[in-house]
Amino acid sequence: KIFKADSKIKPAWNDFVAKSPYGSFLQSWEWGDFQKAQNKKIWRLVVKDKDQIKAVGLVIRQPLPFGFSYLYSPRGPVLSLSLYTSDAADEGLGV
């Protein structure tokens, strides 16, 4: 299940990012707070399976000239190691 994260999940979010070999401070909760302080719109998305975090992603709206913008997830999303195995990937793709 994918949902928007709220502040109650902050410790679990940071723990998940810190323990992942693919995690980065650019996906930390605090980096999202910093981006908000810079007046950027952010979304924190979490994928859970049976109350276990499987992936997190900080998405930042980057403004462009003339009212345009793009969405960016710096060094993310961060996935659970189990999602990097070929069996898990095949199962998720229905192969």
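This structure is a prediction, so every number in the text was calculated from the model and none was measured. (Residues numbered from 1 in each chain as written. Predicted model: local features only at pLDDT ≥ 70, side-chain atom pairs only at ≥ 80, totals over all residues. Heavy atoms only, no water.)

(A) Expanded view of the overall build of the protein chain. Helix and strand counts for the protein chain come out as 3 helices and 5 strands. When the elements of the protein chain are put in sequence order from the N terminus, they spell out β-α-α-β-β-β-β-α. Residues classed as buried in the protein chain amount to 32% of the 95 residues present. Long-range pairs, those at least 24 residues apart, make up 48% of the contacts in the protein chain with a sequence separation of at least 6. (Helix = DSSP H or I, 4+ residues; strand = E, 2+ residues; numbered from the N terminus. Buried < 20%, exposed > 50% of the residue type's maximum accessible area, 1.4 Å probe, protein only. Contact = heavy atoms within 4.5 Å.)

(B) Expanded view of the confidence of the model for the protein chain. Chain-level pLDDT for the protein chain is 90 on average; 86% of the residues reach the 70-or-more range. Least confident of the elements in the protein chain is helix α3 (residues 86–93), whose mean pLDDT is 54; most confident is helix α2 (residues 29–37), at 98. (pLDDT = per-residue confidence, 0-100.)

(C) Focus on the pairing of strand β2 (residues 42–49). Bridging between strand β1 (residues 2–4) and β2 involves 3 bridges; their strand directions are antiparallel. In the strand pairing of β2, F3 is matched with V46. By the bridge criterion, 8 bridges tie β2 to strand β3 (residues 52–63) in an arrangement that is antiparallel. Across the sheet, residue I42 finds its bridge partner in β3, namely I60. What sits between β2 and β3 in their antiparallel hairpin is a turn of 2 residues, with K50 showing a positive phi close to 55 degrees. (Pairing = 2+ DSSP bridges.)

(D) Looking closely at the pairing of strand β4 (residues 69–72). Here β3 pairs with β4 via 4 bridges, running antiparallel. Note that in β4 the partner of P63 across the bridge is S69.

(E) Quick peek at helix α1 (residues 10–19). Within α1, burial applies to W13, N14, F16 and V17. Seen end-on, α1 carries its buried residues on one side only, within an arc spanning 160 degrees. Across from the buried face of α1, at angles greater than 90 degrees, the exposed residues are P11, A18 and K19. Lining the buried residues of α1 we find α2, β2, β3 and β5 (78–79). (Arc of directions from axis to C-beta.)

(F) Seen up close, α2. Within α2, the full set of buried residues consists of W29, G32 and Q35. Each buried residue of α2 lies within a common arc of 120 degrees when the element is viewed along its axis, so the set occupies one face. For α2, the elements touching its buried residues are α1, β2 and β3. Within two residues after α2, N39 carries a phi angle of roughly 65 degrees, on the positive side.

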